[in-house]
Amino acid sequence: IVMKFRVRYLLVLLIFVVAAVVNIDRSNISIAGSYIAADYHISRIQLGWVFSAFMVGYAAFLIPSGWIAGKLGPRRTLTGGLIWWGALTIATALVPPTMANALWALIIVRFILGLGEALAYPSANLFIAAWFPSHERGKANAWVQGGAQMGSGIAPPLVAFIIYNFGWHAVFYVSAAIGMVIAVFWYSAARD
């Protein structure tokens, strides 16, 4: 029983990190937005469409994400989500500015990224429901929400530092790499 206690808190700590990365991924484009707008020669309104595409995809897929997590389990669903949004985060940086309809490509990539990130919280909630007794779920969910807020708090200085030193594309590569590393740890450690 002591081992199960340690494992579940180790895994909720890993979900804390996932939630932080999710919010860094959400923040990176808004912080890099002025650089993206300049490279793609798009207006602030068009940039707003790119930002909104993510949230529309995210909102549209939340309910199906809960169903998928219920069918596949949080281990596979969250692993798949991490890989999905890692790939789409890289794709955001790979859309060529000179491409015809580059704006629409960015919108589509961000929409699909939103679909993938919608898998995070339903998977986390299902994991918590399976691994934590009801009287401890509030504490476990607080860790998840704490991770989300931590990600939102560290994103601006972290993303700005990366952009300043390596360019805006690097932000997306770094976010994707972190997500992929976490996917390996999560899949190795988690059990439904």
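Keep in mind the model is a prediction, meaning the values are calculated, not measured.

Novice: Describe unusual backbone geometry, and please don't skip the residues or the numbers.
Specialist: One non-glycine residue, His41, lies in the positive phi region at around 55 degrees. By the element assignment, His41 lies in the loop between α1 (2-40) and α2 (44-72). Judged by its relative accessible area of 71%, His41 falls in the exposed class. In this structure, Asn101 takes a positive phi of about 65 degrees despite not being glycine. The topology assignment puts Asn101 in the loop between α3 (74-94) and α4 (102-117).

Novice: Let's hear about the packing of aromatic side chains: which residues, and what values?
Specialist: Counted by the stated rule, this structure contains nine aromatic pairs. Aromatic side chains Phe127 and Phe132 sit 6.4 Å apart centroid to centroid with 75 degrees between the ring planes, which places their arrangement in the edge-to-face category. A relative accessible area of 2% means that Phe132 is categorised as buried. Within the aromatic cluster, the residues linked to one another by ring pairs are Tyr9, Phe127, Trp131, Phe132 and Trp186. Over the aromatic face of Tyr58 sits the side chain of Arg26, whose NZ or CZ is 4.4 Å from the ring centroid. Directly above the ring of Tyr187 sits Arg75, whose terminal nitrogen or CZ lies 3.8 Å from the centroid.

Novice: Please set out the pattern of salt bridges residue by residue, giving values where relevant.
Specialist: Taken as a whole, this structure holds two salt bridges when the rule is applied. Residue Glu136 is joined to Arg8 by a salt bridge in which the shortest nitrogen-to-oxygen separation is 3.1 Å. Of this pair, Glu136 sits in the loop between α5 (120-131) and α6 (137-166) while Arg8 sits in helix α1; the two residues are 128 residues apart in sequence, bridging distant segments of the chain. For Glu136, a relative accessible area of 14% translates into the label buried. In this structure, the salt-bridge partner of Arg26 is Glu117, at a minimum N-O distance of 3.5 Å. Of the two residues, Arg26 sits in helix α1 while Glu117 sits in helix α4, which places them 91 residues apart along the sequence.

Reading the values: the criteria
For every chain, the first residue of the written sequence is number 1, and numbering continues from 1 onward in sequence order. Local features in this predicted model are restricted to residues of pLDDT 70 or higher, and side-chain atom pairs are both shown and tallied only at a pLDDT of 80 or more, whereas totals for entire chains, interfaces and linings draw on every residue. Side-chain numbers here rest on the full set of heavy atoms in the structure, without hydrogens or water. In this text, helices come from DSSP runs of H or I with a minimum length of four residues, and strands from runs of E with a minimum of two, each type numbered from the N-terminal end. Burial classification: accessible surface area is computed with a 1.4 Å probe over protein chains only, and a residue below 20% of its type maximum counts as buried, one above 50% as exposed, and the rest as partly exposed. Here the aromatic set is Phe, Tyr and Trp, taking the six-membered ring for Trp, and pairing holds for ring centres within 6.5 Å; pairs whose planes are under 30 degrees apart are stacked, those over 60 apart are edge-to-face, and all others are tilted. In this analysis the charged atom, NZ for Lys or CZ for Arg, is taken to sit over a ring once it is within 6 Å of the ring centre and within 35 degrees of the ring normal. Salt bridge criterion: a side-chain nitrogen from Lys or Arg within 4 Å of a carboxyl oxygen from Asp or Glu.

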